[in-house]
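Analysis of the macromolecular model
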Amino acid sequence: MDFTISSVTDAGREAIRKATDTNYPLVFTELRTGSGIYSESEDVTGMIALKNQKNSYLISSREDDGQGITLGAVLTNYDGSQAVVSETYNVNEVGIICTVNGEEYLYAVAAVPADGGQELPAYTGNNLTQLVQQWYVALSNDLNIEVQTTGAFALAQDLEKLKNMIASNHYYASIADEDGNAIVDDDNNMIAGDWRYKVI
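What this report covers is the structure whose coordinates are included nearby. (Residues numbered from 1 in each chain as written. Predicted model: local features only at pLDDT ≥ 70, side-chain atom pairs only at ≥ 80, totals over all residues. Heavy atoms only, no water.)

Let us look at the environment of Val 94. The topology assignment puts Val 94 in strand E6 (residues 93-100). As for Val 94 and Gln 53, which are separated by 41 residues in sequence, their C-alpha atoms are 8.7 Å apart. Residues in contact with Val 94, not counting those within four places in the same chain, are Phe 3, Leu 31, Arg 32, Thr 33, Leu 50, Ala 108, Val 109, Ala 110 and Trp 135. (Helix = DSSP H or I, 4+ residues; strand = E, 2+ residues; numbered from the N terminus. Contact = heavy atoms within 4.5 Å.)

Dropping the structure here:
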């Protein structure tokens, strides 16, 4: 999705100040999508919520490059157990949500003008749609950053990295669900389990 309007909000800057002053971590929790309509040069810095929020999605991945982090999320119309989009809409706006000491902030907003966002169709039972959204966040190395990913879809690229790490002789890893039950066998074949995983 090609967003031409994008900015950290005043609320996002306040979250950074609060995290810096208190040493509480800045925790990125989710991406929210909506169908709000924006003008070509609209200023989004004063926003505290999306104009017309439709869905929220957990963050699926995090990559650090030393100067910032890339957050990834899977925007979908079906979450594996139920439809999460019941009415087709264009994803015209995306907001990234963070918390500091439990207080929630709309950290940043990205949008496309008019009604030009990518369509996310209502789920009808046989039209699974998934859009991978990535968001780069440049932040000071002095800031304590956490990313909440529990319960999110695992991106294929992250599972491939994990598979390669296990296959190499440089590392040993076990994959377990949140209760500590193994979800791969001795040959690294997936056993019944959920999408959540951790390396122990």
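Moving on: the nonpolar core. Of all hydrophobic cores here, the largest spans 33 residues; its most connected members are Leu 26, Phe 28, Ile 96, Tyr 107 and Val 137. Those residues in contact with Ile 96 that sit more than four places away from it in its chain are Phe 28, Glu 30, Leu 31, Leu 71, Tyr 105, Leu 106, Tyr 107, Ala 108, Trp 135 and Val 137. Tyr 38, Val 44, Ile 97 and Val 109 belong to the second-largest nonpolar core, a separate cluster that totals 9 residues. (Core = buried A, V, L, I, M, F, W, Y, C linked by side-chain atoms within 4.5 Å. Buried < 20%, exposed > 50% of the residue type's maximum accessible area, 1.4 Å probe, protein only.)

Our focus in this paragraph is helix H1 (residues 10-22). Here H1 contains 13 residues, and its C-alpha end-to-end distance of 18 Å stays within 8% of the 18 Å for a straight helix at 1.5 Å per residue. Within the span of H1, buried status applies to Ala 11, Gly 12, Ala 15, Lys 18 and Ala 19. For H1, the arc enclosing every buried residue in end-on projection is 120°, short of the 170-degree limit, so these residues lie on one face. The inward-facing, buried residues of H1 contact strand E1 (5-8), strand E2 (26-34), E6 and strand E7 (103-111). Where H1 ends, the next residue or the one after it, Asn 23, has phi of about 65°, a positive value. (Expected span 1.5 Å × (residues − 1). Arc of directions from axis to C-beta.)

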